[in-house]
Amino acid sequence: MKIHICMTTDVRWIRFAERAIYDIIIRRNPETELKFYILIDGDFDTSELSKFNAIDGVEVVTQQVDVKKEFGDLPNYPYHYIGKFKHLKFLIPELPLFDGVERVLYLDVDILVRKDLTELYTVDLDDKPLGCVRDYYNLLGTAWMGNLAMCGLKIESGFAVMDLPKLREEEFVSKCKEASVGVSGDVAVINAVYFRMAKLLDPKFELPFHEMTVNPGFNYIDKWNQYCGTNYQNINELVEQSVMWHFSGDKEFMYLGNTFIQTVFRLSENRLTKFLRTGEVMQWTEEDDAHLLGFLKPVIGG
């Protein structure tokens, strides 16, 4: 089984991409092969990414793509941590890099992966060209960071399971470019174009980690079940089955603003640092996962 994964980054977020890649590698099933496609806005040193190619069953390829050349002068997003480079995911179906690839899993770099991604990668899309999860703030019907317009968001932007042949038939790339004109932030484009095309997936595939830890309103399991067609008994059950956590919100909190999140984040960060220095791959164990969940449960309650 080979999983094709695409991420996008610029110089500010390359470390996040490296950590996400490492997380995915150490949590994969032994028989799973991984090929990572890293789309890069800018010209900077990416030599550390090549170190992952020394791991059996792993391949990392990179391609520089100029966001401004492809999308013109995109408006600045009002929140500095959301980079324009995220628009590069809209180009995936038409880039020669993906010739011969039928399915791609797009991932934001600000994620923590808890489990092997085979179930997500092979999920049944019911003949839809995309698979996504519902936006957390849409569940609550509340404003996102004070922006009332964001209450209408339907799907979250952290990942997408992409059927490339179907997206080409839908002229996905041209539609995304058209939707990007005068729009700040990839999330608006995602909801203008993706929603019509997307199958809504089980929320376990991507939980909004920031909101889980700082927003008391997260524990709305009834709303998760109602809008996502699931039947979780409580929030802990959903967390225990979760595949991936998305660090939505201001990324500076990973280092500065939230001691709990720093602790969780460093579980992966320290192991990545050791790998890049020595080449040693430290496998993820059940004890490690229990340790991770042990940090989270007291914060979210049950």
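Keep in mind that what you see is a predicted model, and the values were worked out from it rather than measured. (Residues numbered from 1 in each chain as written. Predicted model: local features only at pLDDT ≥ 70, side-chain atom pairs only at ≥ 80, totals over all residues. Heavy atoms only, no water.)

Turning our eyes to something else, we now look at the overall build of the chain. Within the chain, the regular secondary structure consists of 12 helices and 10 strands. Residue burial in the chain is summarised as follows: out of 302 residues, 57% are buried. Look at the contacts in the chain between residues 6 or more apart in sequence, and 78% of them connect residues 24 or more apart. Carbon together with sulfur atoms contributes 48% to the accessible area of the chain, which is approximately 12700 Å² in total. (Helix = DSSP H or I, 4+ residues; strand = E, 2+ residues; numbered from the N terminus. Buried < 20%, exposed > 50% of the residue type's maximum accessible area, 1.4 Å probe, protein only. Contact = heavy atoms within 4.5 Å. Areas by Shrake-Rupley, 256 points an atom, 1.4 Å probe, with all protein chains shown as cover.)

Let's shift gears to the nonpolar core. Counting 59 residues, the largest nonpolar core has Ile5, Met7, Phe36, Phe52, Leu107, Leu117 and Phe159 as its most contacted members. With 9 residues, helix H1 (residues 14-26) is the largest single contributor of residues to this core. Not counting residues up to four positions away in its chain, the partners in contact with Phe159 are Leu105, Tyr106, Leu107, Leu120, Gly131, Cys132, Val133, Leu201, Phe205, Glu206 and Met244. (Core = buried A, V, L, I, M, F, W, Y, C linked by side-chain atoms within 4.5 Å.)

In terms of burial, strand E4 (residues 103-107) is a largely internal element, 5 of the 5 residues being buried. Alternating residues of E4 divide into Arg103, Leu105 and Leu107 and Val104 and Tyr106, and every residue in both groups is buried. Sheet topology note: the strand E1 (residues 2-9)/E4 ladder contains 2 bridges and is parallel. Its bridge partner being in E4, Ile5 is matched across the sheet by Leu105. Both E4 and strand E7 (residues 159-163) contribute to a ladder of 5 bridges, which runs antiparallel. (Pairing = 2+ DSSP bridges.)

Further remarks concern the environment of Val183. Along the chain, Val183 falls in the loop between helix H6 (172-180) and helix H7 (186-197). Once the C-alpha coordinates of Val183 and Leu74 are considered, the two residues, 109 residues apart in sequence, prove to be 7.0 Å apart. Among all residues touching Val183, those that are not within four sequence positions of it are Leu74, Pro75, Ala188 and Val189.

On to unusual backbone geometry. A positive phi angle is found at Asp126, which is not glycine, with a value near 50°. Mapped onto the elements, Asp126 comes out in the loop between helix H3 (118-121) and strand E6 (130-132).

This brings us to the environment of Ile111. Here Ile111 shows up in strand E5 (residues 111-113). Residue Ile111 is classed as buried on the basis of its relative accessible area of 0%. Setting aside chain neighbours within four positions, we find Ile111 in contact with Arg19, Ala20, Asp23, Met244, Trp245, His246 and Phe247.

Time to look at the packing of H6 against H7. Between H6 and H7, whose axes approach to 8 Å, the crossing angle comes to 145°. Crossing of H6 against H7: the hand is right-handed. Between H6 and H7, the contacting residues are Phe172, Lys175, Cys176, Ala179 and Ser180 on the first element and Val189, Ala192, Val193, Tyr194, Arg196 and Met197 on the second. Looking at the contact of H6 with H7 residue by residue, the class counts come to 8 nonpolar, 1 polar and 2 charged. (Axes fitted to C-alpha atoms, helices over the stretch in contact; angles between N-to-C directions. Left-handed = near helix turned anticlockwise from the far one by under 90°. Nonpolar A, V, L, I, M, F, W, Y, C, P; charged D, E, K, R; others polar.)

As a further point, take the confidence of the model for the chain. When pLDDT is averaged along the chain, the result is 82, and 79% of the positions lie at 70 or above. Scored below 50 in pLDDT, residues 142-152 shows 20 contacts in the model against residues more than four places distant or in partner chains. Segment residues 253-257: pLDDT under 50, and 18 contacts once partners within four positions in sequence are set aside and those in other chains are kept. (pLDDT = per-residue confidence, 0-100.)

Using the criterion set out here, one finds 19 salt bridges in the structure. Between Glu269 and Arg15 there is a salt bridge; the shortest N-O distance is 2.9 Å. Taken as a pair, Glu269 in helix H11 (residues 259-278) and Arg15 in helix H1 lie far apart in primary sequence, 254 residues in all. Here Arg15 falls in the partly exposed class, since its relative accessible area comes to 24%. Here Glu280 ties to Lys274 by a salt bridge, and the two come within 3.3 Å at their closest N and O atoms. Judged by relative accessible area, which is 35%, Lys274 ranks as partly exposed. In this structure, a network of salt bridges that share partners links the residues Lys86, Lys89, Asp108 and Asp186. (Salt bridge = Lys/Arg side-chain N within 4 Å of Asp/Glu carboxyl O.)

Once that is clear, we can look at the environment of Phe44. Within the secondary structure, Phe44 sits in the loop between strand E2 (33-40) and strand E3 (58-64). With relative accessibility at 17%, the residue Phe44 sits in the buried group. Along the backbone, Phe44 and Gln64 are 20 residues apart, and their C-alpha atoms lie at a distance of 9.7 Å. Leaving out residues up to four positions away in the same chain, Phe44 has contacts with Asp10, Val11, Ile14 and Gln64.

Moving on to the sheet that holds E5. Spatial strand order, E5-E10-E9: 3 strands in an open sheet with mixed pairing. The open sheet has two edge strands, E5 and strand E9 (207-208), and neither has a second partner. In the sheet, E9 pairs with strand E10 (residues 244-246) via 2 bridges, with the strands oriented parallel. Looking at the pairing, Leu207 lines up with Trp245 of E10.

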